[in-house]
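Architecture at a glance
The primary structure of each chain is shown beneath.
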Amino acid sequence: MFPDVLDTVPLRRAVDDALEWVVMHWGGGFEAAAYPLLMLLNILERLLIATPWWAIILLLTGLAWLATRTWRLPAVVLVGLVFIGLMDLWRDAMATTALMISATLAAIVISIPLGVWMARSLRVRHVVVPLLDLMQTLPSFVYLIPTVMIFGPGKIPALIATIVYAAPPLVRLTDLGLRGIDPAVMEASRAFGTTPAQRLLGVQIPLALPTILAGVNQTTMMALSMVVVASMIGAGGLGYQVLQGIGRLEVSRGLFAGLGIVVLAIVFDRITQALGKRLQARIGLAEMRI
Amino acid sequence: MSQQQTADYAIRMRKVTKIFGDAPLQALEMLRQGKSKADLQSESGHVVGLDDVSLDIERGQIFVVMGLSGSGKSTLVRHVNRLIDPTGGEIEVDGVDVLKMNLAELREFRRSKVTMVFQKFGLLPHRSVIDNVAYGLETRGVGKADRMQAAAQWIETVGLAGYEQSLPRQLSGGQQQRVGLARALAMDTDIILMDEAFSALDPLIRSGMQDQLLSLQQQLGKTILFITHDFDEALKIGNRIAVLRDGAVQQVGRPEDIVLRPANAHIEEFVRDVNKARAIRVRSIMETGPAEACEQAVAMDARCEDVLPLFADHQWVGVLNGQGVQIGRITARQVIKALARYAPQAG
Ligand SMILES: Nc1ncnc2c1ncn2[C@@H]1O[C@H](COP(=O)(O)OP(=O)(O)OP(=O)(O)O)[C@@H](O)[C@H]1O
Ligand SMILES: [Mg+2]
């Protein structure tokens with residue numbers, strides 16, 4: 001056994017007390033800051049639930065067709081969504097989709113600027129990369145507890161936990177995409193007297209877009225994989241059904257809700273991937289990367 | 001040729017030195033103390049890109065910098081529009097110190113004063129050919145209709161009509177290079193930097209482009225800093241040539257100065273394989289002084305290859321200045337002597 005050099009009890013107490021202090025004094029501030037997130041989630045959820053089921057099926061199937069121009073993906077999307085409807089999971093699926101979309105949107109707003117900043121400064125990268133590693137390896141329950149303590153159980157901590165878990169790949173891929181641009185192209189752009197903003201919006205982002213989209217795709221997938229955990233702290237949706245199935249030992253309930261999550265994952269994964277490929281082909285980077 | 005006594009310089013470089021590496025100033029100090037470039041590189045990992053380069057480029061000239069691969073040509077040309085900051089030295093363009101410009105001034109300078117053709121093309125892969133050609137005008141703030149019209153015209157000039165909507169990756173290397181050329185020429189700046197602008201072209205198109213460049217320069221009086229590793233090309237288009245080796249200027253002069261009087265063995269090696277009949281102009285080898293008018297005459301800018309056929313029927317050929325007055329004469333002996341000098345030893 002490792003020798004007992006340090007008494008960890010006071011240290012742990014200090015951490016716990018500090019958290020309690022933060023909850024007491026800053027809890028309100030945090031909640032106010034997170035309010036826009038909650039608004040976004042609620043509006044999205046209400047919108048998705050208010051939209052007729054056939055309109056959503058039509059939209060996603062149409063999108064699948066636009067992205068691939070073949071009948072296979074639209075057929076898979078159609079069958080999957082009808083399955084969700086038949087299994088009486090439509091409302092839960094919409095709640096889960098709303099959570100996933102708001103987490104992804106928030107992650108995009110945070111991650112892309114952060115990725116851009118990282119690509120520009122080595123020092124920022126030295127700080128951010130370990131932070132991202134931490135976010136991805138720390139078990140989600142560890143930060144779930146303080147978030148729940150600060151915000152109370154509900155949708156906000158669920159959303160925040162999902163964002164923390166899902167944002168890192170987008171930051172990394174934004175950084176990677178920007179740094180992967182041919183320096184000769186950047187130099188030529190510079191030689192014509194462009195401003196840094198013109199280079200970012202006119203050259204870097206367009207050329208990194210396929211990579212950034214791959215990051216968005218990963219973020220949606222990771223957000224979906226968090227729904228069961230998120231439902232433990234009040235997110236509702238399909239994850240909650242899975243949780244209840246486990247709790248009541250109702251295998252069928254857990255199984256069908258779980259399949260519902262898989263369907264959503266397939267639908268969003270395939271559609272975003274196909275869109276990304278289409279874009280890549282249009283820019284012509286597919287061949288250039290070889 | 002210029003009427004003014006004091007020459008009018010478009011670009012001046014004074015003792016420009018560029019060292020690549022982590023601690024360039026320290027390395028510069030070591031270089032000044034007499035350390036060799038090879039030692040500097042092997043001991044501290046610093047590469048000397050340019051070594052004490054001083055050049056004066058007159059307005060309206062085609063100034064060619066030539067040297068072997070890795071001699072620092074691209075590094076040199078990038079200093080003019082400050083894509084690279086020198087480790088030491090001064091650079092003046094149009095009488096303005098480039099190194100003292102702040103970022104906003106530098107952008108304005110790049111938008112209006114100097115433009116560049118890149119060795120690696122540097123085309124924007126996500127933009128069509130016409131949008132690439134219009135790119136510089138777009139950053140300058142030229143309206144869409146105007147810039148598209150100018151771009152379409154230059155695309156036609158470089159022989160790519162019909163490819164306006166293609167993407168760069170759909171073009172061959174030589175075609176891409178011509179897009180880069182059109183993009184720079186569309187800017188219509190007084191100073192054009194061309195880094196191996198013709199190197200990816202096939203001989204026929206290349207020769208056509210060289211002729212076009214010469215006529216463009218004659219019509220518009222542009223100052224062109226042209227980089228090449230091809231001595232024949234340098235001789236054909238250059239008003240003046242600088243030879244670069246390991247980042248240092250070996251010789252600067254008119255084409256015939258370099259062909260007739262190479263400064264060292266390195267340059268002699270270049271000269272050996274060159275078509276001297278094309279490089280040497282009659283002006284520089286003619287016999288001056290009073291002589292009777294010759295039956296047949298050529299302009300003083302004529303090349304040896306132009307007069308050679310005339311010797312079949314004439315002993316002497318006159319040389320005329322711009323006004324058509326005979327200023328000298330030339331015979332086959334002089335031409336043969338000039339061509340034979342520095343020829344490789346027989347056997
Ligand atoms: N960014 C850089 N970092 C380090 N070394 C560099 C850099 N750019 C150029 N060099 C070095 O400077 C030297 C000159 O390079 P440069 O590109 O100017 O050669 P060049 O004459 O244009 O050759 P080429 O004909 O092959 O284009 C080379 O030894 C090269 O390794
Ligand atoms: Mg080069």
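Now for a quick tour of the structure.

Definitions and cut-offs
- The written sequence of each chain sets the order in which its residues are numbered from 1.
- For this description, chains carry letters from A and ligands carry numbers from 1, given in the order in which they are written.
- Under the rules for a predicted model, residues below a pLDDT of 70 receive no local features and side-chain atom pairs below 80 are neither given nor counted, while totals for whole chains, interfaces and linings still include all residues.
- The basis for the side-chain values is all heavy atoms of the structure; hydrogens and waters are excluded.
- Here a helix means four or more residues in a row that DSSP labels H or I, a strand means two or more in a row labelled E, and each is numbered from the N terminus.
- In this treatment the radius of gyration is a C-alpha quantity, and the globule benchmark scales as 2.2 Å times the residue count to the 0.38 power.
- Throughout this description, buried means an accessible area under 20% of the type-specific maximum (1.4 Å probe, protein chains only), exposed means over 50%, and partly exposed covers the range between.
- Contacts were defined at the residue level, with two residues in contact if any of their heavy atoms lie within 4.5 Å.
- Here the accessible surface of atoms and residues is derived via Shrake-Rupley with a 1.4 Å probe, and residues count as covered only by protein chains that are part of the display.
- His is not counted here, nor are the chain ends, while Lys and Arg score as positive and Asp and Glu score as negative.
- Here the site of a charge means atom NZ of a Lys, CZ of an Arg, CG of an Asp or CD of a Glu.
- Here the aromatic set is Phe, Tyr and Trp, taking the six-membered ring for Trp, and pairing holds for ring centres within 6.5 Å; pairs whose planes are under 30 degrees apart are stacked, those over 60 apart are edge-to-face, and all others are tilted.
- Counted as donors are N, O and S atoms no farther than 2.8 Å from the metal, or 3.2 Å for Na, K and Ca; water is not among the atoms, and sites may therefore look incomplete.
- Strand pairing follows a simple DSSP-based rule, namely that at least 2 bridges must link the two strands.
- Axes here mean lines fitted to C-alpha atoms, for a helix over just the part in contact, with angles spanning 0 to 180 degrees between N-to-C directions.
- The nearness test applies per residue and asks whether one of its heavy atoms lies within 4 Å of the molecule or strand.
- Polar contact criterion, stated in full: a pair of N or O atoms within 3.5 Å, where within protein one must be able to donate a hydrogen and the other to accept it, and residues adjacent in sequence count only if both atoms are side-chain atoms.
- Put simply, buried area is the surface a 1.4 Å probe can reach on two separate parts but cannot reach once they are joined, added for both.
- One speaks of a salt bridge when a side-chain nitrogen belonging to Lys or Arg is within 4 Å of a carboxyl oxygen belonging to Asp or Glu.
- In this classification, Asp, Glu, Lys and Arg are treated as charged, Ala, Val, Leu, Ile, Met, Phe, Trp, Tyr, Cys and Pro as nonpolar, and every other residue, Gly included, as polar.

Brief notes about the overall build of chain B
When helices and strands are tallied, chain B shows 15 helices and 13 strands. Against the globule reference of 20 Å for 347 residues, chain B gives a C-alpha radius of gyration of 22 Å, in line with a compact fold. By its C-alpha atoms, chain B is 60 × 55 × 45 Å across when sized along the principal axes. Classification of the 347 residues of chain B by burial places 50% in the buried group. Taking the contacts inside chain B whose residues are at least 6 apart along the sequence as the reference set, 64% of them involve residues at least 24 apart. In the structure as shown, chain B presents an accessible area of about 16300 Å², 46% of it carried by carbon and sulfur atoms. Seen as two clouds, the 41 positive and the 43 negative side-chain charges of chain B have centres 2 Å apart.

Quick word on the packing of aromatic side chains
Residue and element names in this part refer to chain B. Across all of its chains, the model carries six aromatic pairs over all chains by this definition. Relative to Phe226, the ring of Phe198 lies with its centre 5.2 Å away and its plane at 55°, an arrangement referred to as tilted. Here Phe198, found in the loop between strand S7 (191–195) and helix H9 (203–220), pairs with Phe226, found in strand S8 (residues 223–228); they are 28 residues apart in sequence, far enough to count as distant. The same class applies to Phe198 as to Phe226, namely buried. Considering the side-chain rings of Phe231 and Phe270, the 5.7 Å spacing of their centres and the 55° angle between planes classify their relative orientation as tilted.

Examining the coordination of the magnesium ion (ligand 2)
Looking at the magnesium ion (ligand 2), the protein donor atoms are Ser74(B) (OG) and Gln119(B) (OE1), and they sit 1.9 to 2.2 Å from it. Here Ser74(B), found in helix H3 (residues 73–80), pairs with Gln119(B), found in the loop between strand S6 (114–117) and helix H5 (129–133); they are 45 residues apart in sequence, far enough to count as distant.

So, the sheet that holds strand S3 (residues 62–67) of chain B
All names here are of chain B. The mixed open sheet is built from six strands, whose spatial order is S6-S7-S8-S3-S9-S10. Each of the sheet's edge strands pairs with one partner strand only, and the pair in question is S6 and strand S10 (248–253). In this sheet, neighbouring strand axes are inclined to one another by 15° on average, regardless of whether the strands run parallel or antiparallel. As defined by bridge partners, S3 adjoins strand S9 (residues 240–245) across five bridges and the pair is classed as parallel.

Focus: the site of ligand 1
Residues and elements named next belong to chain B. Every residue lining ligand 1 is accounted for by Phe20, Val47, Leu68, Ser69, Gly70, Ser71, Gly72, Lys73, Ser74, Thr75, Gln119 and Glu196. A distance of 3.0 Å separates an oxygen atom of ligand 1 from a polar atom in the backbone of Gly72. Between ligand 1 and Thr75, the relevant distance is 2.5 Å, taken from an oxygen atom to a side-chain nitrogen or oxygen of the residue. In isolation ligand 1 has 630 Å² of accessible area, and contact with the protein removes 60% of it. When residues in the shell around ligand 1 are grouped by element, the largest group, three residues, is from H3.

So, the side chain of Asp257(B)
Secondary-structure assignment places Asp257(B) in helix H11 (residues 255–260). Excluding its chain neighbours within four sequence positions, the residues that come into contact with Asp257(B) are Gln251(B) and Pro262(B).

Some remarks on the interface of chain B and chain A
Contacts between the two partners involve 22 residues from chain B, matched on the other side by 23 residues from chain A. Carbon and sulfur atoms make up 62% of the area that chain B and chain A hide from each other, which totals about 1900 Å². Interface area lost by chain B to chain A is led by Pro125(B), His126(B) and Arg169(B), which between them contribute 29%. Inspection of the chain B/chain A interface yields one salt bridge. Between Arg78(B) and Glu187(A) there is a salt bridge, with its nearest N and O atoms 2.4 Å apart. At the junction of chain B and chain A, the tally comes to seven residue pairs in polar contact (both at pLDDT 80 or more). Breaking the side of chain B that touches chain A down by element, the ones donating at least two residues are helix H4 (103–112), S6 and helix H6 (135–140) of chain B. Considering only residue class, the side of chain B that touches chain A consists of nine nonpolar, six polar and seven charged.

Comments concerning the pairing of strand S13 (residues 326–331) of chain B
Moving residue by residue along a regular strand, the side chains alternate between the two faces of the sheet. Relative to S13(B), strand S12 (residues 316–320) of chain B is paired through five bridges, and the arrangement is antiparallel. Bridged to Gly318(B) within S13(B) is Arg329(B).

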